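Letter by letter, the chains look like this.
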Amino acid sequence: MKLPVATDPDDRTWQDYANCLGVDPDLFFPERGASTREAKEVCRGCIVRAQCLEYALVHSEKFGIWGGMSERERYEIKTEYDVLTTLRAAGHDVHALGVRDELLPIRLAVEQWRPHVVFNLLEDFFGLREFDHHVVSYLELLRVPYTGCNPRGLVLSRDKALSKKILTYHRIAVPRFD
């Protein structure tokens, strides 16, 4: 079976192949706090799941289960999606790498892809925001250029008292801090 490839963001021909075709739409728009498990189960084996998710991201769908993801789950990946699609639209060769709790995938990706620059969207490492600077330090050790703040800046920005002292020294008004 050949699936349609949507070039127009409003193209919905993929819906003709969706597992949810004919399923009660209320299942995909549960009341606040209700379970989404059944809807996600319908999406799990769907051959157009990716197209459905992309449609929801492009159109900023705020409600319901789309592509097997809830509003909250889509919100969490929206920035990454926007950056990837924008860089690709600008003609860049983009590879996404999900990093959770290991540095080895970073080293292997750098060796395999040989990036000109790493667009750093990392917000935490090992589930902790305080560890993000370690990943940036690792990129520096690998001598790979990256976007965003250097490790020292990431550490300093988390120290509210020190940040306020630095800003005050440079005569930038900040609220009083005790």
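Values in this document were obtained by computation on a predicted structure and should not be read as measured data.

Thresholds applied
Residues numbered from 1 in each chain as written. Predicted model: local features only at pLDDT ≥ 70, side-chain atom pairs only at ≥ 80, totals over all residues. Heavy atoms only, no water. Helix = DSSP H or I, 4+ residues; strand = E, 2+ residues; numbered from the N terminus. Rg over C-alpha atoms; globule rule 2.2 N^0.38 Å. Buried < 20%, exposed > 50% of the residue type's maximum accessible area, 1.4 Å probe, protein only. Contact = heavy atoms within 4.5 Å. Areas by Shrake-Rupley, 256 points an atom, 1.4 Å probe, with all protein chains shown as cover. 1 Å grid on protein atoms, 1.4 Å probe; cavity = no way out; pocket = protein on both sides within 12 Å on 5 of 7 lines; lining within 4 Å. Points joined across faces, edges and corners; volume = space filled by probe spheres on them. Nonpolar A, V, L, I, M, F, W, Y, C, P; charged D, E, K, R; others polar.

A.B. asks: How would you explain the overall build of the protein chain if you had to name every residue and give the values?
C.D. replies: When helices and strands are counted, the protein chain shows 7 helices and 0 strands. Taken from the N to the C terminus, the helices and strands of the protein chain come in the order α-α-α-α-α-α-α. Against the 2.2 N^0.38 benchmark of 16 Å for 178 residues, the protein chain shows a C-alpha radius of gyration of 21 Å, more extended than a compact globule. Overall, the C-alpha framework of the protein chain stretches about 65 × 45 × 30 Å when taken along its three principal axes. For the protein chain, with 178 residues in total, the buried portion stands at 25%. Residue pairs at least 24 apart in sequence account for 43% of intrachain contacts in the protein chain once pairs closer than 6 positions are excluded. Surface summary for the protein chain: the accessible area is close to 13,300 Å², and the carbon and sulfur share equals 54%.

A.B. asks: Account for the layout of surface pockets, with residues named and values stated.
C.D. replies: Taken as a whole, the largest pocket spans an internal volume of roughly 1,400 Å³. The wall of the largest pocket is formed by 35 residues, among which Ala96, Leu97, Phe119, Asn120 and Leu121 lie closest to the centre. In terms of residue count, helix α3 (residues 71-89) provides more of the lining of the largest pocket than any other element does, 8 residues in total. Grouping the amino acids of the lining of the largest pocket by side-chain chemistry returns 21 nonpolar, 7 polar and 7 charged. Each pocket or cavity is described by its volume, and for the second largest pocket that value is around 390 Å³. In terms of lining residues, the second largest pocket is bounded by Phe29, Pro30, Glu31, Arg32, Gly33, Ala34, Thr36, Phe63, Gly64, Ser70, Glu71 and Arg72.

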